Amino acid sequence: MKRNYIYGIALGVVLLFAQPLMAASANWEIDKAHSNFYFTVKHIFSYVRGHFNDFSGLVVFDPAHPDKSKFVFEVKVASIDTNIAKRDKHLLSADFFDADQYETLTFESNGVTPKGGNVYDVAGKFTVKGKSYDLVLPFTFDGPKDHPAAKGKEVAGFNTTVTIDRLAYGVGTGKFYDMGVVDKDVEILVSLEVMRDK
Amino acid sequence: MAQQKRWVYLKNILLTGLIWLFFALALGLAMAIPFLYPTQTLWYKIGSDKVLLQAGHVAGLLALVLLFSQLFLGLRPQPLLATMGIGRVMRLHRANGVLLLGLALAHVGLVILPEGLANLPVGWKYWPELIGAILLGCLAITVLTAKFRDALHLPYRFWRGLHKMGAYLMFLLALAHVLFVSDAFHSGVLQKGLLVCGLVIAVIIGVMKGNRRAAGK
């Protein structure tokens with residue numbers, strides 16, 4: 001029993017030191033003030049835009065070794081913001097996200113493939129309302145370069161736009177789509193600015 | 001002298017009739033508004049949810065009319081006193097208060113039910129709903145302290161001051177709640193109508209209070 005504790009503590013110490021060592025190589029910190037998960041959906045004729053105010057993530061990326069990359073995102077559904085509180089509340093209801101039951105949207109990569117130029121296909125599992133789906137995010141990687149405003153830091157960017165069928169992910173039953181009010185196709189824009197110490 | 005008395009009596013009857021007519025009109029309008037000017041929330045409700053939400057809106061607007069009339073009754077308008085007597089006017093004031101609280105509770109229940117209890121509007125983002133919650137709290141305190149003033153051993157003058165202050169506070173809270181919580185009142189005829197109503201009621205109350213002060217009551 002005592003030995004298990006010692007092993008546990010030793011493993012913790014190793015992980016604690018391993019994290020900064022990894023950071024020096026490929027770990028990037030998401031600059032949350034300049035990153036977000038946006039979505040656009042058609043409402044009858046116009047486009048309604050929204051984003052999520054609360055999210056976190058892990059970005060491990062080295063263009064020289066894309067196979068060793070890792071992208072993990074977690075978005076708090078309750079932080080949805082479309083600029084109309086009542087609409088946000090409706091989106092959180094069982095009609096769409098059922099945020100009381102399913103609090104997060106997550107994405108965890110399981111492979112990164114270079115697609116030429118600065119485009120990388122990030123394949124992973126996208127979990128919505130407790131169910132996981134395969135999803136590929138074709139990220140455009142920009143940078144890295146010295147951060148123009150933060151000394152001693154490097155900055156890079158990841159941007160991707162994908163269009164998904166929300167009904168295929170269980171976000172809504174289709175009644176508002178059938179009514180011709182809320183479209184089923186949702187354009188998602190993931191725009192990340194990431195930083196690391198030089 | 002007798003003719004003058006008869007004229008005053010007729011005038012009071014006429015004014016009382018007018019007051020009741022305005023009251024009935026206001027109630028009718030309150031019941032019609034959710035159907036004539038449905039909020040956008042109703043666009044996304046179907047079946048029983050739509051019926052419940054619409055009933056909630058009707059209950060809320062009826063409560064608003066009763067709240068406005070409650071202020072008026074509390075000032076004991078002369079025509080009503082002359083035709084109904086102070087006892088009846090005060091009984092009406094008390095019954096109106098209880099009915100008002102009942103409608104306000106029904107409004108909250110009927111509006112929340114179709115949205116689901118798991119999806120309550122909590123947080124600063126929903127400040128107009130928060131004003132509604134504060135209003136409901138004030139209303140409950142006002143009605144309960146009036147009903148159980150003796151049991152609560154509240155000194156009359158203290159209670160009266162609280163009751164009056166609460167009434168004016170609730171008037172402002174109700175205006176703010178309706179104007180900002182419902183998109184039907186965000187612009188156009190309903191917004192302007194409610195603002196004019198609020199202003200007219202404020203002026204009437206001001207004039208009535210001025211007259212009462214001048215008469216030394």
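Everything here concerns the structure above.
Residues numbered from 1 in each chain as written. Chains lettered and ligands numbered in written order. Predicted model: local features only at pLDDT ≥ 70, side-chain atom pairs only at ≥ 80, totals over all residues. Heavy atoms only, no water.

Undergrad: Whenever I open this one, a nonpolar patch on the surface confuses me. Can you help?
TA: Residues and elements named next belong to chain B. Taken together, the side chains of Leu-14, Leu-15, Leu-18, Leu-21, Phe-22 and Leu-25 present a nonpolar region at the surface, about 610 Å² in accessible area. Here Leu-18 is to be found in helix α1 (residues 2-36). Using a relative accessible area of 38% as the deciding quantity, one classes Leu-18 as partly exposed. (Patch = residues over 30% accessible without salt bridge, like charges linked within 9 Å, V, L, I, M, F, W, Y side chains within 5 Å. Areas by Shrake-Rupley, 256 points an atom, 1.4 Å probe, with all protein chains shown as cover. Salt bridge = Lys/Arg side-chain N within 4 Å of Asp/Glu carboxyl O. Helix = DSSP H or I, 4+ residues; strand = E, 2+ residues; numbered from the N terminus. Buried < 20%, exposed > 50% of the residue type's maximum accessible area, 1.4 Å probe, protein only.)

Undergrad: Quick question: what am I supposed to make of the side chain of Thr-145 of chain B here?
TA: Residues and elements named next belong to chain B. Among the structural elements, Thr-145 can be located in helix α5 (residues 127-147). You can call Thr-145 buried: its relative accessible area is 14%. In terms of polar contacts, Thr-145 uses its side chain to reach the backbone carbonyl oxygen of Thr-142, at 3.2 Å. Non-local contacts of Thr-145, meaning those with residues more than four positions away in its chain, are made with Leu-152, Leu-154 and Trp-159. (Polar contact = N/O pair within 3.5 Å; in protein donor to acceptor, adjacent residues only side chain to side chain. Contact = heavy atoms within 4.5 Å.)

Undergrad: Any chance you could explain unusual backbone geometry here in plain terms?
TA: Comment: phi is negative for the bulk of residues other than glycine, and the bulk of peptide bonds are trans. For the peptide bond that leads from Gly-143 of chain A to Pro-144 of chain A, omega is -5°, which places it in the cis range. Within the secondary structure layout, Pro-144 of chain A lies in strand β9 (residues 131-146). Backbone geometry at Asn-83 of chain A places phi at a positive 80°, although glycine is not the residue there. Along the polypeptide, Asn-83 of chain A turns up in the loop between β6 (80-81) and α2 (85-92). Overall, the relative accessible area of 71% leaves Asn-83 of chain A in the exposed class. Positive phi is not limited to glycine here, since Arg-76 of chain B has a value of about 45°. Secondary-structure assignment places Arg-76 of chain B in the loop between α2 (48-74) and α3 (78-84).

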